Amino acid sequence: MTATDPAVAPARTLRPDQVDLRIDLGPMVLANPFVTASGCFASGQEINRFYDVNRLGAVVVKSITLEPRAGLPTPRMAETGSGMLNAIGLQNPGIDAWMAKDLPWLQRAGVPTIVSIAGKTAQEFRILAERLRGVPGIIAIEANISCPNVEDRNIVFACRETATKEVISQVARVSTVPVFAKLTPDVTDIVSIAATARAAGAAGVSVINTLLGMAIDAETRRPRLGAVMGGLSGPAIKPIALRAVFQIHQALPDLPIIGMGGIRTVTDVVEFLLAGASAVAIGTANFANPLVAAELLDELPRWCAARGIRSVTELRGGLRL
Amino acid sequence: MTSIVSRGSTSSVQGRSSGPLRAMCEVLAHRRVGGYQALTFVAPEMAERAEPGQFISVAVDGAGTLLRRPFSIFSVSQHGPWAGTVEIVFDVVGPGTKWLAERSKHDVVDVVGPLGKPFPLPAQPVSCLLIGGGYGAAPLLYLASELQQRGFRTDIILGAKSQDRIFNAIEAKRLSATAQFTTDDGTLGTQGKVTDVMDRVIEQARTGVIYACGPMPMLAAVSHVARRHRIPCQVAVEEAMACGVGVCWTCVVPYARKEGVANLRSCMDGPVFNGARIDWDRLGMGETPAPPPAPGGDAPGDGA
């Protein structure tokens, strides 16, 4: 889109480069609202083959655990109606190998990095956060307390207020950067979990993780995932994600929210901002199009400019009720 | 008719000057080869960068589909009026491949590639045996043409359920010193499995290296025979993929490394692997007899 003649263009129309994309995420300012959903972007290098990932507001890396994890048996993925199930099982090289191999690249490339951490206990979460103290390039920690692909699904921390409080308070106590709690919508009341996370010291919440689901092959009578159940993502979950962001923002309007769940188009992005998200994470859409986050980053200022929106922060919570 | 996507027109091509890229590619040809479909895309940059064993992933628009479909590259042409083309072979197994089968000349399709690691070529002249199952023959015929250009002896074994599932027997004969066919029902060549004729070909051709592509149980069986003959064996796996670009960790294969067995991504660390180092036992396809088949172990490249 090019500059239009002000005499004929509607008075409120801007040029895309006049749109301020910066957003506040609690104590942080991101260059733009686009981050990546953990587990959908590895640690950035693979997608950097297609574009400079340091253009994004931040990269949220695939969850890191204390020890290396081999992950779950295949098949790990099943495509479902407008969505997909995954059961990867937090496969990752462990914090030591990640800091030795992946982190240096992120630092060299100047990628604002949010490290997703996952532990089996609150203590493991704390140790992970301690290892990340004062490390250059890391702008925040995302505590993944809601991964559905864990051995004991009764220990999904974000399903219980007490467990949420324990993990987030331990991480927040030792972390030198803001802590975001990644929440699951598989709860009776996500607002109370978000409020608990905030009270325990979370700077914000990442909403939502995948929903626990399953798929069955009628012919073979087998589950389509090796792990039987897995996390549902993609456009199929977008209405649920919007609802969760909306509910949390209504109850806790000052709490920064990274909204995610099925975002694929620029209007999806805008809808999440209107519901109350400050930033948006692109997840499954990266699988369908490795360039999607960069394309949305180019499209959002055009969308705003055409509507005379000077700053994307104007959109946050702008839902008309 | 001028090409929609031509060399130098960069507007529809995104990516770096090397490695994989994304392009909107015009369909130049859609043909049937035996029981399979073949699509040729105008993709000059990809044609220039592709090597045998690599794949492309294609965005499809079938009912309820979300993810790209990965396909081994069957052939590339870098010259001619269309500047450069890439051809893939597939079978209609679900809504994604059904949609793809409905594409015709001049349709435009969203393609990412070339992806994955190619077949490593022998450093010095050696007798090569290429073994393909079903449309797993496609990347091997691409490899065979490269080996032929280098003057290496190439023997080919293709196997399938029946004659119409053998991909491109004519091309296999043209590109090889000897070509053998095996079918489960005996409608072409020897009745049986590719491994039933391997020993004989290896002895006659003094095979020095084996390349294979096809369903996992076939690759397991071929790897076991290769190991018995102490012949290096490179296999291209057909694992179900979500992203194809290395970020989702869906398409993993258990692989023995110095530090122990690790789940490697077939889209990034493969699809070509050293067959001797894949942990077939863990996949329920070990050399010990009669293991139960692993769920999804014979999944085609396009699971939907």
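Since the structure is predicted, the reported quantities are computational estimates derived from the model, not experimental observations.

Chemist: Explain the overall build of chain A to me, please; I cannot follow it from the model alone.
Modeler: The secondary structure content of chain A amounts to nine helices and 16 strands. When the 321 residues of chain A are sorted by exposure, 56% land in the buried category. In chain A, the proportion of contacts linking residues at least 24 apart, taken out of those at least 6 apart, comes to 71%.

Chemist: Can you walk me through the sheet that holds strand β11 (residues 211-214) of chain A in this structure?
Modeler: Sheet strands associate in pairs through backbone hydrogen bonding, adopting either a parallel or an antiparallel arrangement. Residue and element names in this part refer to chain A. The strand order across the open sheet formed by four strands is β5-β6-β14-β11, and the pairing between neighbours is antiparallel. Looking along the sheet, the strands with just one partner apiece sit at the ends: β5 (77-80) and β11. On average, adjacent strands in this sheet sit at an angle of 40° to one another, irrespective of strand direction. Note: strand β6 (residues 83-86) against strand β14 (residues 229-233), three bridges, orientation antiparallel. Opposite M84, over in β14, you have S233 as the bridge partner.

Chemist: What should I look at first to understand the nonpolar core in this one?
Modeler: Note on soluble globular proteins: their nonpolar side chains tend to be buried together. Formed by 204 residues in total, the largest nonpolar core has its most connected members in A:V245, B:I56 and B:V222. When sequence neighbours within four positions are dropped, the list of residues in contact with B:I56 reads B:M46, B:F71, B:I73, B:V86, B:I88, B:V111, B:V112, B:G113, B:P114 and B:L115.

Chemist: So what exactly am I meant to see when it comes to the interface of chain A and chain B here?
Modeler: Bring the parts together and some accessible area is lost; that lost area is often taken as the interface size. In this complex, chain A contributes 29 residues to the contact, which on the side of chain B involves 29 residues. Those elements giving two or more residues to the side of chain A that touches chain B turn out to be β5, β6 and α8 (285-288) of chain A. A per-class count over the side of chain A that touches chain B returns 14 nonpolar, 10 polar and five charged.

Chemist: Got a minute to help me understand the packing of helix α7 (residues 266-275) of chain A against helix α9 (residues 292-306) of chain A in this structure?
Modeler: All names here are of chain A. The interhelical angle for the contact between α7 and α9, taken along N-to-C directions, is 70°, at an axis separation of 9 Å. By the angle class used here, α7 and α9 are roughly perpendicular. The way α7 lies across α9 gives a crossing that is right-handed. Of the residues in α9, those in contact with V266, V269 and V270 of α7 are L296, E299, L300 and W303. Taken together, the residues that form the contact of α7 with α9 break down as six nonpolar, no polar and one charged.

Chemist: What is the right way to read the pairing of strand β3 (residues 36-42) of chain B from this model?
Modeler: Each regular strand displays side chains that alternate between the two surfaces of the sheet. Residues and elements named next belong to chain B. Of all seven residues in β3, seven are buried; the element is thus mostly enclosed. The alternating pattern of β3 places Y36, A38, T40 and V42 on one face and Q37, L39 and F41 on the opposite face, and all of these are buried. Between strand β2 (residues 21-33) and β3, which follow one another and run antiparallel, lie two residues, and G34 among them has a positive phi close to 60°. In this sheet, strand β6 (residues 85-90) lies alongside β3 in antiparallel orientation, the contact comprising six bridges. By the bridge assignment, Q37 is partnered in β6 with F90.

Chemist: Looking at this structure, I do not really get helix α5 (residues 190-199) of chain A. What am I missing?
Modeler: Three- or four-residue spacings in an α-helix give side chains the same orientation, since the helix completes a turn every 3.6 residues. Residue and element names in this part refer to chain A. Where α5 is concerned, the buried positions are I190, I193, A194, T196 and A197. Buried residues along α5 cover an arc of 160° about the axis, so they all sit on one side. Next to the buried residues of α5 lie α4 (161-174), β9 (179-183), β10 (204-207) and α6 (238-251). Phi turns positive one or two residues past the end of α5, at G201, with a value near 115°.

Chemist: Explanation requested: the environment of A:A288 in the structure shown.
Modeler: Residues and elements named next belong to chain A. As for its position among the elements, A288 is in helix α8. For A288, a count of 23 C-beta atoms within 10 Å puts it in the buried group. C-alpha of A288 to C-alpha of R264: the two residues are 24 residues apart in sequence and 9.4 Å apart in space.

Chemist: Explain the sheet that holds β9(A) here, please?
Modeler: All names here are of chain A. Reading across from one edge, β3-β16-β15-β10-β9-β8-β7-β4 is the order of the eight strands in this open sheet, with parallel pairing throughout. The sheet terminates laterally at β3 (34-36) and β4 (59-60), the two strands that pair on one side only. Note: β10 against strand β15 (residues 257-260), three bridges, orientation parallel. In the sheet register, S206 faces β15, and the bridge partner there is I258.

Chemist: Explanation requested: the environment of A:G57 in the structure shown.
Modeler: Mapped onto the elements, A:G57 comes out in the loop between β3 and β4. Taking the C-alpha atoms as reference points, A:G57 and A:A294, 237 residues apart in sequence, are found 11 Å from one another.

Chemist: Would you take a moment to explain the confidence of the model for chain B for this structure?
Modeler: Residues and elements named next belong to chain B. Of all residues in chain B, 90% have pLDDT values of 70 or greater, and the mean over the chain is 89. Counted against residues more than four places away or in other chains, residues 290-304, with its pLDDT under 50, gives 41 contacts. Note on the complex model: pTM 0.91, ipTM 0.91.

Chemist: Would you mind going over the pairing of β6(B) with me for this structure?
Modeler: Residues and elements named next belong to chain B. Of all six residues making up β6, six are buried, and the element is well covered by its neighbours. Neither face of β6 is open: one carries T85, E87 and V89, the other V86, I88 and F90, and all of them are buried. Judged from the four bridges that link them, strand β5 (residues 69-77) and β6 form a sheet pairing that is antiparallel. Bridged to I73 within β6 is I88.

Chemist: In this structure, what is going on with the packing of α5(A) against α6(A)? I would like to understand it.
Modeler: Each pair of packed helices can be described by the angle between their axes along with the distance between the axes. All names here are of chain A. Contact geometry for α5 and α6: axes closest at 9 Å, N-to-C directions at 55°. Here α5 lies oblique to α6, going by the angle between them. Every pair of crossing elements has a handedness; the one defined by α5 and α6 is right-handed. Where α5 approaches α6, its residues I190, V191, A194 and A195 are matched on the opposing element by A244, Q247, I248 and A251. Across the contact of α5 with α6, the residue classes tally to seven nonpolar, one polar and no charged.

What counts, and at which threshold
- Positions within a chain are numbered from 1, following the residues in the order the chain's sequence is written.
- Chains and ligands are labelled by the order in which they are written, letters from A for the one and numbers from 1 for the other.
- Local features in this predicted model are restricted to residues whose pLDDT is 70 or higher, and side-chain atom pairs enter the listing and the counts only when it is 80 or higher, whereas totals over whole chains, interfaces and linings include all residues.
- A run of DSSP states H or I qualifies as a helix once it reaches four residues; a run of E qualifies as a strand once it reaches two. Both are numbered from the N-terminal end.
- Around each residue's C-beta, the other C-beta atoms within 10 Å are counted; 20 or more make the residue buried, 12 or fewer make it exposed, and counts in between make it partly exposed. All C-beta atoms are placed from the backbone.
- Working definition of a contact: two residues with C-beta atoms, positioned from the backbone, lying within 7 Å.
- A pair of strands is labelled paired if DSSP reports no fewer than 2 bridges between them.
- Here an axis means a line fitted to C-alpha atoms, over the contact stretch when the element is a helix, while the angle between two N-to-C directions is reported on a 0 to 180 degree scale.
- Think of a nonpolar core as buried Ala, Val, Leu, Ile, Met, Phe, Trp, Tyr and Cys residues chained together by C-beta atoms that fall within 7 Å.
- Residue polarity follows a fixed list, in which Ala, Val, Leu, Ile, Met, Phe, Trp, Tyr, Cys and Pro are nonpolar, Asp, Glu, Lys and Arg are charged, and the others, Gly among them, are polar.
- Roughly parallel means an angle under 35 degrees; roughly antiparallel means over 145; roughly perpendicular covers 65 to 115; every other angle is labelled oblique.
- The handedness criterion is simple: a crossing whose near helix is rotated anticlockwise from the far helix by less than a right angle is left-handed, and one whose near helix is rotated clockwise is right-handed.
- By arc we mean the arc of the directions from the helix axis to the C-beta atoms, nothing more.
- Every residue is assigned a pLDDT by the predictor, reflecting its confidence on a scale from 0 to 100.

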